[in-house]
Each structure stands twice: as C-alpha cells, then as structure tokens.
Amino acid sequence: MNSKNNLPLVLYRYDQQASCDEFVGSFQDDFELLLCVTDDDAEAQLKKKGSHISAVVVDQDSVCSSLFELTKELSPLSLRIFLHHDIGLDAVMSLLEQGAVSKCFAIPYDSNVIRSEIYASHIGVSFKPQITSPEEVEV
C-alpha cells in the first residue's frame, strides 16, 4: 500500500453527498483526497496547498464554477476535470476552448480513465503528437 505522502493530491469539489461517496469509494486508495463541499472550502485548500495539488475535480450541476479560474491562478499546473450529468456539447466545447478545464467526463464516468489522467498529469506526462517528415516514412 502506498503512503499517502507519495500519492497525487486531488481536490474534489462536490454538491451531492452520494457523488462524494462514489468518488471516495473509487479513488480513496489511489489519491490523497481533499473533499470540499463549498467553493469557500475549495478556495482555502487551493490557497493552502495549490502548488501540491495534482488535479482539481469539480462535480457540480453548474457549468459556471469560479473554481476553474481560481485553479488556473492558484494551482496552474493542476489538471482541471469537470464531471457533469447532462450538459450540451456546446458547453463542453466552450469550457475546453476557454482553457477553463482540461478534461470533461460525463457521469457515470470510467474511474480507470480518470485515474490514468490524474496519474499522467502527476508525473508530468502529456500527449505530444509524433511528427515525422515525409522522408522518415517508409513506403
């Protein structure tokens, strides 16, 4: 079992206790979790531990969370994940294009995908498309 000190630190902002219980059940052994039921709680945690937070996961009904901008300011290297029940593709695209969030996942989500995204971010892995010149491609 990993020591909590070696695990990625994940701030989880939620509205519904049932959602929190599911998130904790899925990730309590994988991450050190900071559970925040209000934006004020989340802001205090960001101010206190922002540079150590690997990911901020927002699980709210509102698409317009102030935490997205606050996270960019106080924890700029953190992965910003938005979990949503039912929002339109236009809203998701807008959040991504604005850089408000890094990733959006519909609920129910695949916990393995979220786990992989957070670990990849924690160790500094990012997707970089491989560019090859036409001369390097064998026919």
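Refer to the structure printed above.
Not measured: the values here are computed from a predicted model.

### Remarks on the environment of Leu74
Inference 1: Looking at the secondary structure, you find Leu74 in helix H3 (residues 67-74).
Inference 2: In this structure, the C-alpha to C-alpha distance between Leu74 and Ile53, residues 21 residues apart in sequence, is 9.8 Å.
Inference 3: Not counting residues up to four positions away in its chain, the partners in contact with Leu74 are Glu43, Leu46, Lys47, Gly50 and Ser51.

### What to know about the sheet that holds strand E1 (residues 9-14)
Inference 1: Overall, parallel pairing links the five strands, which are arranged E2-E1-E3-E4-E5 in an open sheet. Among the strands making up the open sheet, the edge pair consists of strand E2 (32-36) and strand E5 (103-106). Taking the axes of each pair of neighbouring strands and ignoring which way they run, one obtains an average angle of 20° across the sheet.
Inference 2: Sheet analysis places E1 next to strand E3 (residues 53-59), joined by six bridges and oriented parallel. Within E3, the residue paired with Tyr14 across the bridge is Asp59.
Inference 3: Against the sheet, helix H1 (residues 17-27) makes contact with E1, E2, E3 and strand E4 (79-84), and its axis sits at roughly 160° relative to E1, the strand it touches most.

### Some remarks on the packing of aromatic side chains
Here the distance between the centres and the angle between the planes together describe a pair of aromatic rings.
Inference 1: Within the structure shown, the criterion is met by seven aromatic pairs.
Inference 2: Put simply, the rings of Tyr12, Tyr14, Phe23, Phe27, Phe31, Tyr109 and Tyr119 pair up and form one aromatic cluster.

### With respect to the pairing of E1
Inference 1: Judged by how many residues are buried, E1 sits mostly within the fold: six of six residues are covered.
Inference 2: Side chains of E1 alternate between two faces, with Leu9, Leu11 and Arg13 and Val10, Tyr12 and Tyr14 buried alike.
Inference 3: The parallel pair E1 and E2, bridged by H1, forms a crossover whose chirality is right-handed.

### Brief notes about a nonpolar patch on the surface
Inference 1: A cluster of nonpolar side chains, Leu89, Met93 and Leu96, forms an exposed patch at the surface whose accessible area comes to about 280 Å².
Inference 2: Mapped onto the fold, Leu96 is located in helix H4 (residues 89-98).
Inference 3: Overall, Leu96 belongs to the partly exposed group, its relative accessible area being 34%.

### Looking at the nonpolar core
Inference 1: By size, the foremost hydrophobic cluster in this structure holds 19 residues, and its most contacted members are Leu11, Leu46, Ile53, Phe68, Phe82 and Leu95.
Inference 2: Among the elements of the structure, E1, E2, helix H2 (39-49), E3, H3 and H4 are those that each provide at least two residues to this core.
Inference 3: Contact partners of Phe82, with chain neighbours within four places excluded, come to Val58, Gln60, Ser62, Val63, Phe68, Ile87, Leu95, Val101, Lys103, Cys104 and Phe105.
Inference 4: With 16 residues, the next largest nonpolar core counts Val10, Tyr14, Ile81 and Ile114 among its residues.

### Topic: the pattern of salt bridges
Inference 1: The full count for this structure, using the stated rule, is six salt bridges.
Inference 2: For Asp15, the salt bridge is made with Arg13, and the minimal N-O distance between the two is 2.9 Å.
Inference 3: Given the relative accessible area of 33%, Asp15 is considered partly exposed.
Inference 4: The shortest N-O distance in the salt bridge between Lys103 and Glu117 comes to 3.5 Å. Note that Lys103 is positioned in strand E5 and Glu117 in helix H5 (residues 111-122), a separation of 14 residues in sequence.
Inference 5: Linked by salt bridges that have partners in common, Arg13, Asp15 and Asp39 make up one network.

Scoring rules and cut-offs
- Residues numbered from 1 in each chain as written.
- Predicted model: local features only at pLDDT ≥ 70, side-chain atom pairs only at ≥ 80, totals over all residues.
- Heavy atoms only, no water.
- Helix = DSSP H or I, 4+ residues; strand = E, 2+ residues; numbered from the N terminus.
- Contact = heavy atoms within 4.5 Å.
- Pairing = 2+ DSSP bridges.
- Axes fitted to C-alpha atoms, helices over the stretch in contact; angles between N-to-C directions.
- Phe/Tyr/Trp six-rings, centres within 6.5 Å; stacked < 30°, edge-to-face > 60°.
- Buried < 20%, exposed > 50% of the residue type's maximum accessible area, 1.4 Å probe, protein only.
- Right-handed = clockwise from strand over helix to strand, strands pointing away.
- Patch = residues over 30% accessible without salt bridge, like charges linked within 9 Å, V, L, I, M, F, W, Y side chains within 5 Å.
- Areas by Shrake-Rupley, 256 points an atom, 1.4 Å probe, with all protein chains shown as cover.
- Salt bridge = Lys/Arg side-chain N within 4 Å of Asp/Glu carboxyl O.
- Core = buried A, V, L, I, M, F, W, Y, C linked by side-chain atoms within 4.5 Å.

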